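# Architecture and fold: a report
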Amino acid sequence: MKLSEIISDSFKYPGSNPEHLNTNRKRWLIFGLLMFTTLVVIPVIFVAGYALRVTRKTVQGDSKMPEYNEWTTMFLDGLKVIVTTIVYYFIPTILVILGAGQFYLMAYVYGVLNLSLINWLPLIIGVLLFIPAIMFYLMALSNMAYHNRLGAAFNMGEIIQRIKTVGYGRFILWWVATMIVSAIFASAGALIEMGSSIVGFFVVPILINSFITLFQARSMGLIYSEGIDTDNTQVNDTSIVSE
């Protein structure tokens, strides 16, 4: 698929997929309501588990949003996603917190703004580490969805091979495009909340945030599938030559 087709397919997936229009819309609404309840900890786990299920079904070639069943499995999948998220973002987050904390202490507590590079290094390194962390994290989740194993999220050799198979340039362009679309919708959600906090309280999680999550999960599955398809094609080509 062209990158534009991946983004377009992922964009249409929740609410305007012509193949499963009514089914996907109903399941999108249910997912949005599930996200609306994420002020409670446990539903967050189910949201993460369902998003991983979307990626898994996408890799398997299904364009219909998955059913809401096997809740125990969904819960366990959500736990896997949370563990993966903590591992991938732990170091960048700690560095950013240390850097920001140091800046706050210097500027607001001691009243000194020290522009020395060494004082900014933790914050700069943390921010820079977030970029590759996010990129590997997305492919790690796809790899975990494909193998249905937590360990697959940390198989860096296979994850790098998937990215290499897709193409580094193509993968980066896909990541940038996916993040831009997500940022546009996130900004729209912020504007809605600024316009009316009451409307935003309901609309943003139910429609905006749920859309972004489903869009990203679908997009992740589609780009990961390309790595699998290309690998299989190469294997088949090698077998034919051998014969």
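Below is a short write-up of the structure. Everything quoted here is computed from the prediction, not taken from an experiment.

## A short note on unusual backbone geometry
- A positive phi is found at Glu70, a non-glycine position, where the angle reads about 45°.
- Its place among the elements puts Glu70 in the loop between α3 (41-59) and α4 (71-109).
- Overall, the relative accessible area of 53% leaves Glu70 in the exposed class.
- Located in the positive-phi region is Asn148, a residue other than glycine, with phi close to 60°.
- Mapped onto the secondary structure, Asn148 falls in the loop between α5 (117-147) and α6 (156-166).
- By relative accessible area, Asn148 is classed as partly exposed at 42%.

## Some points on helix α2 (residues 21-36)
- An ideal rise of 1.5 Å per residue puts 22 Å on 16 residues; α2 measures up with 22 Å between its terminal C-alpha atoms.
- Among the residues of α2, those classed as buried are Asn24, Arg27, Trp28, Phe31, Gly32, Leu34 and Met35. End-on, the buried residues of α2 take up no more than an arc of 155°, which puts them together on one face. For α2, exposure combined with an orientation more than 90 degrees from the buried face picks out Asn22 and Lys26.

## Here we look at the pattern of salt bridges
- In this structure the tally under the stated criterion is 5 salt bridges.
- Note that Arg218 and Asp9 form a salt bridge whose closest N and O atoms lie 2.7 Å from each other. Placement of the pair is Arg218 in helix α8 (residues 197-242) and Asp9 in helix α1 (residues 3-12), with a sequence separation of 209 residues.
- Among the ionic pairs, Arg56 bridges to Asp77, the shortest N-O distance being 3.2 Å. One end of the pair, Arg56, is in helix α3; the other, Asp77, is in helix α4, and 21 residues separate them in sequence.

## So, the nonpolar core
- Ranked by internal contacts, the top residues of the largest apolar core, which has 28 residues, are Val81, Tyr137, Phe171 and Trp174.
- Elements that contribute at least two residues to this core include exactly α3, α4, α5, α6, α7 (168-195) and α8.
- Sort the elements by how many residues they give to this core and α5 lands first, with 9 residues.
- When sequence neighbours within four positions are dropped, the list of residues in contact with Val81 reads Ala48, Leu52, Tyr137, Leu141 and Met144.

## As for the packing of aromatic side chains
- Tallied over the entire structure, the rule returns 19 aromatic pairs.
- Judged by centre distance (5.8 Å) and plane angle (15°), the rings of Tyr88 and Phe154 are stacked. With Tyr88 in helix α4 and Phe154 in the loop between α5 and α6, the pair connects residues that are 66 residues apart, well separated along the chain.
- Between Tyr146 and Tyr224 the ring centres are 5.6 Å apart and the planes differ by 50°, which places this aromatic pair in the tilted class. In this pair, Tyr146 is assigned in helix α5 and Tyr224 in helix α8, connecting sequence segments 78 residues apart.
- Accessibility expressed as a relative area gives 38% for Tyr146, which makes it partly exposed.
- One aromatic cluster in this structure is built from Phe31, Phe46, Tyr50, Tyr68, Trp71 and Phe75.

Cut-off values and rules
Residues numbered from 1 in each chain as written. Predicted model: local features only at pLDDT ≥ 70, side-chain atom pairs only at ≥ 80, totals over all residues. Heavy atoms only, no water. Helix = DSSP H or I, 4+ residues; strand = E, 2+ residues; numbered from the N terminus. Buried < 20%, exposed > 50% of the residue type's maximum accessible area, 1.4 Å probe, protein only. Expected span 1.5 Å × (residues − 1). Arc of directions from axis to C-beta. Salt bridge = Lys/Arg side-chain N within 4 Å of Asp/Glu carboxyl O. Core = buried A, V, L, I, M, F, W, Y, C linked by side-chain atoms within 4.5 Å. Contact = heavy atoms within 4.5 Å. Phe/Tyr/Trp six-rings, centres within 6.5 Å; stacked < 30°, edge-to-face > 60°.

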